[in-house]
Amino acid sequence: MTEPRGRLGAALIAALFSVPLLALVTRAFADSWRAPALVPQELGLRGVRIAFSGDTGTAFLNSLQVATLTVAIALILAWPAARVLGERRLRHPATVFILLAAPLLVPSYAVGSGLTEWFIRLGLDGSTTALVAAHLTFVLPYVTIVLLSGFGPGLTTLEEMARVSGLSPLRGLALVSLPASAPTVAAAALLGFLVSWSDYGSSLAVGGGRPMLPVVLLPFVGADPQVAATLALLFLAPALLFLVLTVRAGRRPL
Amino acid sequence: MSGALLRHPRVRNYARLAPAILTITLLFGGALAGAVRTSVLPLGQDATLATWSSLLHAPELVDAALFTLRTALISTLLAAAVAVAIALAVWRRGTWVRALLALAVPIPHLLVATVAVLWLAPGGLAERVLGALPITLVRDRAGLGVVLVYVYKEAPFLALLLLAAMGQGYREREEACAALGASASQRLRWVTWPTIRGPLVVGSIIVFAYVLGAFEVPLALGPSYPPTLAEYAFNATRGDLISGQSTAAATLLLTSVAAMLLAVLAVRLAKDPQGD
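Just so you know, these numbers come straight off a predicted model, no measurement behind them. Sequence positions are assigned chain by chain, starting from 1 and proceeding in written order. Here chains are named by letter from A upward and ligands by number from 1 upward, in the order in which they appear as written. Where totals are concerned, whole chains, interfaces and linings use all residues; where local detail is concerned, this predicted model gives features only for residues with pLDDT of at least 70, and gives and counts side-chain atom pairs only at 80 or more. Values shown for side chains rest on all heavy atoms present in the structure; no hydrogens or waters enter the calculation.

### Quick look at the overall build of chain A
In terms of regular secondary structure, chain A is built from twelve helices and two strands. Here a helix means four or more residues in a row that DSSP labels H or I, a strand means two or more in a row labelled E, and each is numbered from the N terminus. Secondary structure elements of chain A occur, N-terminal to C-terminal, as α-β-β-α-α-α-α-α-α-α-α-α-α-α. Overall, the C-alpha framework of chain A stretches about 70 × 65 × 30 Å when taken along its three principal axes. Burial status across chain A gives 54% buried among its 254 residues. Here, two residues are considered to be in contact whenever any of their heavy atoms come within 4.5 Å of each other. Put simply, 75% of the contacts in chain A that link residues at least 6 apart link residues at least 24 apart. Note on areas: Shrake-Rupley with a 1.4 Å probe; residue coverage comes only from the protein chains shown. When the accessible surface of chain A is summed, it comes to about 11,400 Å², and 69% of that surface belongs to carbon and sulfur atoms. Under the convention used here, Asp and Glu are negative, Lys and Arg are positive, and both His and the chain ends fall outside the count. For this purpose, a charge sits on NZ of Lys, CZ of Arg, CG of Asp or CD of Glu. On chain A, the mean spot of the 17 positive side-chain charges and the mean spot of the 11 negative ones are 9 Å from each other. Partly exposed residues are those whose accessible area sits between 20% and 50% of the maximum for their type, while under 20% is buried and over 50% is exposed, using a 1.4 Å probe and protein chains only.

### Points about the interface of chain B and chain A
With 73 residues of chain B at the interface, the matching set in chain A holds 78 residues. Accessible-area loss on putting two parts together, using a 1.4 Å probe and summing over both, is the definition of buried area adopted here. Of the roughly 6,800 Å² buried where chain B meets chain A, counting both sides, 77% is carbon and sulfur surface. Salt bridges are counted wherever a side-chain nitrogen of Lys or Arg sits within 4 Å of a carboxyl oxygen of Asp or Glu. Run the count over chain B and chain A and you get one salt bridge. Two residues, A:Glu117 and B:Arg37, come together in a salt bridge whose shortest N-O distance is 2.7 Å. Counting of polar contacts relies on pairs of N or O atoms within 3.5 Å, with two restrictions inside protein: one atom must be capable of donating a hydrogen and the other of accepting it, and residues adjacent in sequence are counted only when both atoms are side-chain atoms. Put simply, chain B and chain A have five residue pairs in polar contact (both at pLDDT 80 or more) between them. The biggest single contributor to the side of chain B that touches chain A is helix H2 (residues 9–40) of chain B, with 20 residues. Residues that form the side of chain B that touches chain A fall into these classes: 49 nonpolar, 16 polar and eight charged. Throughout, the ten residues Ala, Val, Leu, Ile, Met, Phe, Trp, Tyr, Cys and Pro are labelled nonpolar, Asp, Glu, Lys and Arg are labelled charged, and all others, Gly among them, are labelled polar.

### With respect to the packing of aromatic side chains
All names here are of chain A. Two rings from Phe, Tyr or Trp (for Trp, the six-membered ring) form a pair when their centres sit within 6.5 Å of each other. Planes less than 30 degrees apart are called stacked, planes more than 60 degrees apart edge-to-face, and all others tilted. Scanning the entire structure with this criterion turns up six aromatic pairs over all chains. Arranged with centres 5.0 Å apart and planes meeting at 70 degrees, the rings of Trp-79 and Phe-151 form a pair that is edge-to-face. Here Trp-79, found in helix H3 (residues 56–86), pairs with Phe-151, found in the loop between helix H6 (128–150) and helix H7 (153–164); they are 72 residues apart in sequence, far enough to count as distant. With relative accessibility at 16%, the residue Trp-79 sits in the buried group. Aromatic side chains Phe-193 and Trp-197 sit 5.7 Å apart centroid to centroid with 15 degrees between the ring planes, which places their arrangement in the stacked category. With Phe-193 and Trp-197 both in helix H9 (residues 182–197) and four residues apart, the pair spans about one turn of that helix. Residue class for Trp-197 comes out buried when judged on its relative accessible area of 1%. Through a chain of ring-to-ring contacts, three or more aromatic side chains come together here, namely Phe-60, Phe-193, Trp-197 and Phe-235.

### Quick notes on a nonpolar patch on the surface
All names here are of chain A. A surface patch of nonpolar side chains, about 540 Å² in accessible area, is lined by Val-19, Leu-22, Val-25, Phe-29, Leu-43 and Leu-45. Residue contributions to the nonpolar patch peak at three residues, all from helix H1 (residues 2–28). Relative to the helices and strands, Phe-29 is located in the loop between H1 and strand S1 (30–32). Judged by relative accessible area, which is 33%, Phe-29 ranks as partly exposed. Residues with no salt bridge and a relative accessible area higher than 30% make up the patches, which join like charges within 9 Å and nonpolar side chains (Val, Leu, Ile, Met, Phe, Trp, Tyr) within 5 Å.

### Some details on the environment of A:Leu131
Residues and elements named next belong to chain A. As for its placement among the helices and strands, Leu-131 is situated in helix H6. Residue classification places Leu-131 among the buried residues on the basis of a relative accessible area of 0%. Leu-131 sits 88 residues away from Leu-43 along the chain, and the two C-alpha atoms are 38 Å apart. Other than its neighbours up to four places away in sequence, Leu-131 contacts Val-66, Ser-203, Val-206, Gly-207, Arg-210 and Met-212.

### Quick notes on the packing of H3(A) against H9(A)
All names here are of chain A. Their axes nearest at 8 Å, the elements H3 and H9 cross at an angle of 140 degrees. As summarised for this structure, H3 and H9 are arranged oblique, according to the angle between their axes. Crossing hand, H3 versus H9: right-handed. Of H9, the residues touching H3 (which contributes Phe-60, Ser-63, Leu-64, Val-66, Ala-67, Thr-68, Thr-70, Val-71, Leu-75 and Trp-79) are Val-185, Ala-188, Ala-189, Gly-192, Phe-193, Ser-196 and Trp-197. Its residues placed into classes, the contact of H3 with H9 shows twelve nonpolar, five polar and no charged. Axis lines are fitted through C-alpha atoms, for helices just across the contact stretch, and the angle between N-to-C directions can take any value from 0 to 180 degrees. Each angle gets one of four labels, with under 35 degrees taken as roughly parallel, over 145 as roughly antiparallel, 65 to 115 as roughly perpendicular, and the rest as oblique. Each helix crossing is assigned a hand: it is left-handed if the near helix lies turned anticlockwise from the far helix by less than a right angle, otherwise right-handed if that turn is clockwise.

### Some details on the side chain of A:Thr56
Residues and elements named next belong to chain A. Inspection of the secondary structure assignment puts Thr-56 in helix H3. Its relative accessible area of 2% is what places Thr-56 among the buried residues. Once residues lying within four places of it in the same chain are set aside, the contact partners of Thr-56 are Ala-51, Leu-213, Val-216, Leu-231 and Leu-234.

### Thoughts on the pattern of salt bridges
Residues and elements named next belong to chain A. Counting across every chain of the model gives eight salt bridges over all chains. A salt bridge links Asp-224 to Arg-46; the shortest N-O distance between them is 2.5 Å. Highlighted residues: Asp-224 in the loop between helix H11 (213–223) and helix H12 (225–251) and Arg-46 in helix H2 (residues 46–51), separated in sequence by 178 residues. Exposure remark for Arg-46: the relative accessible area of 28% places this residue in the partly exposed category. Because the salt bridges share partners, they merge into one network encompassing Arg-83, Glu-87 and Glu-159.

### Topic: the packing of helix H12 (residues 229–239) of chain B against helix H13 (residues 244–270) of chain B
Residue and element names in this part refer to chain B. With their axes 7 Å apart at the nearest point, H12 and H13 run at an angle of 170 degrees to one another. Classed by the angle they form, the pair H12 and H13 counts as roughly antiparallel. Packed against H12, whose contacting residues are Leu-229, Ala-230, Tyr-232, Ala-233, Ala-236 and Thr-237, the element H13 presents Gly-244, Gln-245, Thr-247, Ala-248, Thr-251, Leu-252 and Thr-255 at the interface. Residues that form the contact of H12 with H13 fall into these classes: seven nonpolar, six polar and no charged.

Next comes the structure, spelled out in structure tokens:
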């Protein structure tokens, strides 16, 4: 009896979070949508034309490249550290935990402008290296925290069993550790990707005028809602793709 | 000999922590050092503490700090409460509900703010549907619109963190507990709460710190006064070319210190951020 009601509730919640976003799609393709009309007066591709007349393509690729590189590096650096923290191998983990999490508490704008001071001196201002380094400052903590929440005695026991069964460390990693922690790794990668992908503050500070998608998009938000909505949909595309992959990875059983 | 040393558990632990810790120390330490340097070395001038002393005497800073703290606290508490309700409502649902729910997560804050303006501003879609809104939500002095955007944006994020924790073995424990005759509230206390407490606390600290430091949302639909701390910093860089960067750096450093202190406090209060 509670099933249909639960289904209705779930559908309502889903609608509450998805319907307002549909307005974004409508807005993107509404050449004219004046109050008090509930439907646009005129549909068209004006938003697409203006959005793609500038740096949008380059900005899209820049953002994609920086986010992918940042997440890959973050996962490699975070995995061993998250294992130590998640399995509670330290007698005093608080210091390490606070040190690793500290960058999350600082505005990305602050991290960006602080690092720019040095990047200009090193001639790295506006380079991919500078952007990845700036994003890594807060993506690495996010990835570490999400990863460590999924590690614990359960995984250790499984690995112990793999070792006793004669699996080499590498095969143990490929056949046991990674599949067993796939949901956590996927969640960590998703969060890291999104944080880098949508970061405005540090991209603006470190980018040195290099087009990054959020930086290209911001001026349109106040000035031209239709172009902003169009860019927003473009902004959403890789994130949604990444999300679908994550949900699939999260559901894969060991 | 080095092999034997590496096999020592404590050395091994620190060796595995080293890559992450060294990276963070270098980048984060570098960023803070850079910000401190900017705050005491205004463009083309000698080292001075003038920026700090004028900042700490600005009445606007106190207003900004109080407004920022209040917004961040209310947003975080509401988002956490909504997230728990969502997680409890949909944890039995299939992938599609989670995917729909997760639609709000990948959208940058600035775009949620854009959507909010599209719906809630005077003449927006909500007014067109309902006729009139009982309260002002965009550019209102209390910052209700800002809080609303953050709750909308962060509640699904927190809910997904909770749902991730409720995946592995949670259903079995829940059902076992129910089969043994535990009531709904007992299951909530003994099974659900221990499962979600860790991610909830960690997630809430992340959300709180984010709200404290972000400036896109308040710029888009917050009140013109008081500004949030990050907005105050952002405005400074646009106001004065010479001292603006210094004022911004000093303000952002203050925000950072406040956020770190509050997070330490939260971790203390929650005892163990991973819970069990």
